[in-house]
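# Breakdown of the fold
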Amino acid sequence: MAVHQHIMDSTPGTIVVGFDGSAESRAAADWAAREAALRGAAVKLVHVRQPVPEPMGESLRQALEAHRHWAERLPQETAQELRTRHPGVDVGTEQPGGAAADVLLEAARDAELLVLGSRALGGLAGFLVGSVGRSVAGRTGTPVVLVRAGEKAADEHLADVTGAPSETTGFRPVVLGLDTGAPDGKLIAFAFEEALRRTAPLVVVQGWNLAPYYLYSAAPGIEPFEEIARDQAAALTETLRPWREKYPDVEVVEASRQGGPAEHLIDASGQASLVVVGRRTRRGPLGTHIGSVAQAVMHHATAPVAVVPHD
């Protein structure tokens, strides 16, 4: 495959955040500001206004109106906090009305990224991706990043010499899940660009399984496992060769392993600053959907997850 100049557009863009004041959306906004500083991009907090239903009692109406005023003030206050912490980043807000998924899809149309928060299930259980997040991630043509509640900048960096969390050390690796049977340039470029911005290694994970007939039909003395392992590793090396040449400053670690890719990606997420997975945009008979690997990683990875739509 021929690889030409950098695929990513160098003009400054906008990172859109779905913001509702929750802990997860605050974590998403903070991650977006850090990413915007790396990209030289702006941030837009999009808070979807919800109408007050009619009719209802006056006391309930007053309570809902008070909540609405608080909810509308919160994005402004959060934007100001982000500007203070990240003085080089332009942070704006927008408060349209409508169905949340539709509003976010429209807001993300011309954005570089759409960042959404996900509730943490605690421990190593990972994310709880809500219906709006699943719907948007499955339909948008813009890369979507999911950020857990409680995610902090130090979580994406290596520990310091004492083993304590730090924001001043280097970034943990970026992890990419790749299918060498159908590698997509947009997905690979996204992961290399993220590693380059962070001056971080890129760990490329490929999972594979032995076809059942190999287990029963091998002649005596032939080890199908070793042969297939070599072939799979060679295919990964060959797929990445032109990308290594294009991004000579990115350290690449190839991880071709037997087993399901989702399991390996989830394991690798524990030491990652970002996990990158792909989602095919071709529509099936039931519309667009998120594949099983991306779905599993979205729900169980312990680092922010970027879902990159591609052909």
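Residues numbered from 1 in each chain as written. Predicted model: local features only at pLDDT ≥ 70, side-chain atom pairs only at ≥ 80, totals over all residues. Heavy atoms only, no water.

This part is about the overall build of the protein. Scanning the protein from terminus to terminus reveals nine helices and eleven strands. Within the protein, the fraction of its 311 residues that count as buried is 46%. At a minimum sequence separation of 6, the contacts of the protein that also span at least 24 residues come to 76%. (Helix = DSSP H or I, 4+ residues; strand = E, 2+ residues; numbered from the N terminus. Buried < 20%, exposed > 50% of the residue type's maximum accessible area, 1.4 Å probe, protein only. Contact = heavy atoms within 4.5 Å.)

Turning to the pattern of salt bridges, a few remarks are in order. In this structure the tally under the stated criterion is 15 salt bridges. Here Glu-194 makes a salt bridge to Arg-198, at a shortest N to O gap of 2.7 Å. Of this pair, Glu-194 and Arg-198 both sit in helix H5 (residues 185-198), four residues apart, which is roughly one turn of that helix. Arg-198 matches Glu-194 in its accessibility class, with the two residues each being buried. Within this structure, Glu-35, Arg-39, Glu-112, Glu-194, Arg-197 and Arg-198 form a network of salt bridges that share partners. (Salt bridge = Lys/Arg side-chain N within 4 Å of Asp/Glu carboxyl O.)

Right, let's talk about the pairing of strand E7 (residues 174-177) for a bit. The two faces of E7 match: Val-174 and Leu-176 on one face and Val-175 and Gly-177 on the other face are all buried. You can see the chain leave E7, run along H5 and come back into strand E8 (residues 202-208), and the turn it takes is right-handed. As judged from the three bridges shared by E7 and strand E10 (residues 274-280), these two strands associate in the parallel manner. Paired with Leu-176 across the strands is Val-276, a residue of E10. (Right-handed = clockwise from strand over helix to strand, strands pointing away. Pairing = 2+ DSSP bridges.)

Moving on, we get to the packing of aromatic side chains. Under the definition given, this model contains two aromatic pairs. Ring geometry for Phe-192 against Trp-243: centres 6.2 Å apart, planes inclined by 25°, an arrangement best described as stacked. Taken as a pair, Phe-192 in helix H5 and Trp-243 in helix H7 (residues 224-246) lie far apart in primary sequence, 51 residues in all. Per residue, the accessibility class of Phe-192 equals that of Trp-243, and both read buried. Plain terms: the ring middles of Phe-192 and Tyr-247 are 5.0 Å apart, the flat faces sit at 25° to each other, and that makes the pair stacked. Linking Phe-192 in helix H5 with Tyr-247 in the loop between H7 and strand E9 (252-258), this pair joins segments that are 55 residues apart in sequence. Each member of the pair, Phe-192 as well as Tyr-247, carries the same accessibility label: buried. Members of the aromatic cluster, joined through ring pairs, are Phe-192, Trp-243 and Tyr-247. (Phe/Tyr/Trp six-rings, centres within 6.5 Å; stacked < 30°, edge-to-face > 60°.)

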